[in-house]
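# Summary of the model geometry
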Amino acid sequence: MVTLNGLTVEEALRAEIADAREKQRQAQEIMRLAELDVKRFGDYADHMEKALELRKELGHNGHIPIDRERLFKQSTWANLKMIMEGNKGILVVNEAVSLLSNMKVFNDREHARHTIYSTIHNHRDSLEKVRDGVYRLREMGNVEQKHTQVDLNNPMSFQDGVAKALQDAHGEPLSSTEIWHRMQVMGIKSNAKKPLGWIDWSAKKVHAEKVAPHTWRWNG
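The sections below set out a description of the structure shown in this document. (Residues numbered from 1 in each chain as written. Predicted model: local features only at pLDDT ≥ 70, side-chain atom pairs only at ≥ 80, totals over all residues. Heavy atoms only, no water.)

## So, the packing of helix 3 (residues 76-85) against helix 5 (residues 109-122)
- With their axes 10 Å apart at the nearest point, helix 3 and helix 5 run at an angle of 85 degrees to one another. Between helix 3 and helix 5, the angle is such that the two are roughly perpendicular. Facing helix 3, whose interface residues are Thr 76, Trp 77 and Leu 80, helix 5 presents Thr 115, Ile 116 and Thr 119. (Axes fitted to C-alpha atoms, helices over the stretch in contact; angles between N-to-C directions. Helix = DSSP H or I, 4+ residues; strand = E, 2+ residues; numbered from the N terminus. Parallel < 35°, antiparallel > 145°, perpendicular 65-115°, else oblique. Contact = heavy atoms within 4.5 Å.)

This is the structure we're talking about:
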């Protein structure tokens, strides 16, 4: 009987076949992982392109100041608030996922995404949903007020301007458009792309009565 390395020819051929099948399996696994990487990185690039477009649309083209040391010492909610405070009150989830995972606050993007959305749910009363994946911090009205008052040399804060316009109406309901007109007469300016949205927000903060969509009456 012909043998090769102690094996018959048939046994040697079967061993080579088994080895070839194992290498085939390993190659298929490498291809499967590569395909997953192609999809993962493609999705990541798509998300980042959307985040970039959204930042331009919202007028947030500056740098978000982040205290790296605080990221690892405080809660996820505190980190999200820090991001929003540097981003005019806006949270873009994909952007936050990238930032916190790149900073190694989370081990991977999926962990970051899951934790961020759980945190958003737990603090939903403090956030306003702008659209899917985009939220606004309700209390950031105070930041907008300080920003417009200092940078634009306004005679009073944005929120105080809303309150005064409503007070001066002596119980007459005013639309947000009319409130903004009266504020401009007072000399108040805003660099917000949609100041009427800030007026509605500020009217709620000063406890004005909403009598119709985008229409308010002083309740003092």
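## Let's talk about the packing of aromatic side chains
- Throughout the structure, instances matching the rule amount to 2 aromatic pairs.
- Residues Trp 198 and Trp 201 carry aromatic rings whose centres are separated by 6.3 Å and whose planes lie at 70 degrees to one another, so their mutual orientation is edge-to-face. Here Trp 198 pairs with Trp 201, and both are found in helix 9 (residues 195-205), just 3 residues apart, close to one helical turn. Trp 201 carries the same exposure label as Trp 198, and that label is buried. (Phe/Tyr/Trp six-rings, centres within 6.5 Å; stacked < 30°, edge-to-face > 60°. Buried < 20%, exposed > 50% of the residue type's maximum accessible area, 1.4 Å probe, protein only.)

## Section: the pattern of salt bridges
- Going through the model one piece at a time under the given rule, you end up with 9 salt bridges.
- When the shortest N-O distance is used, the salt bridge between Arg 182 and Glu 178 registers 2.8 Å. On the criterion of helical spacing, the pair formed by Arg 182 and Glu 178 is a turn pair, its members being 4 residues apart in helix 8 (residues 176-185).
- For Glu 178, a relative accessible area of 28% translates into the label partly exposed. (Salt bridge = Lys/Arg side-chain N within 4 Å of Asp/Glu carboxyl O.)

## Remarks on the sheet that holds strand 3 (residues 90-92)
- In space, the 3 strands of this open sheet follow the order 3-5-4, with antiparallel pairing throughout. Bordering the open sheet on either side are strand 3 and strand 4 (127-131), each of which pairs with just one other strand. Across the sheet, the mean angle separating the axes of adjacent strands is 30 degrees when strand polarity is ignored.
- Against the sheet, helix 3 makes contact with strand 3, strand 4 and strand 5 (134-137), and its axis sits at roughly 115 degrees relative to strand 3, the strand it touches most.
- Here helix 4 (residues 93-102) sits on the sheet in contact with strand 3 and strand 5, set at roughly 70 degrees to strand 3. (Pairing = 2+ DSSP bridges.)

## What to know about the packing of helix 3 against helix 4
- Packing of helix 3 against helix 4 leaves a shortest axis separation of 11 Å and a crossing angle of 115 degrees. For the pair helix 3 and helix 4, the crossing hand works out as right-handed. Contacts between helix 3 and helix 4 involve Asn 79, Leu 80 and Ile 83 from the first element and Ala 96, Leu 99 and Leu 100 from the second.
- Grouping the amino acids of the contact of helix 3 with helix 4 by side-chain chemistry returns 5 nonpolar, 1 polar and no charged. (Left-handed = near helix turned anticlockwise from the far one by under 90°. Nonpolar A, V, L, I, M, F, W, Y, C, P; charged D, E, K, R; others polar.)

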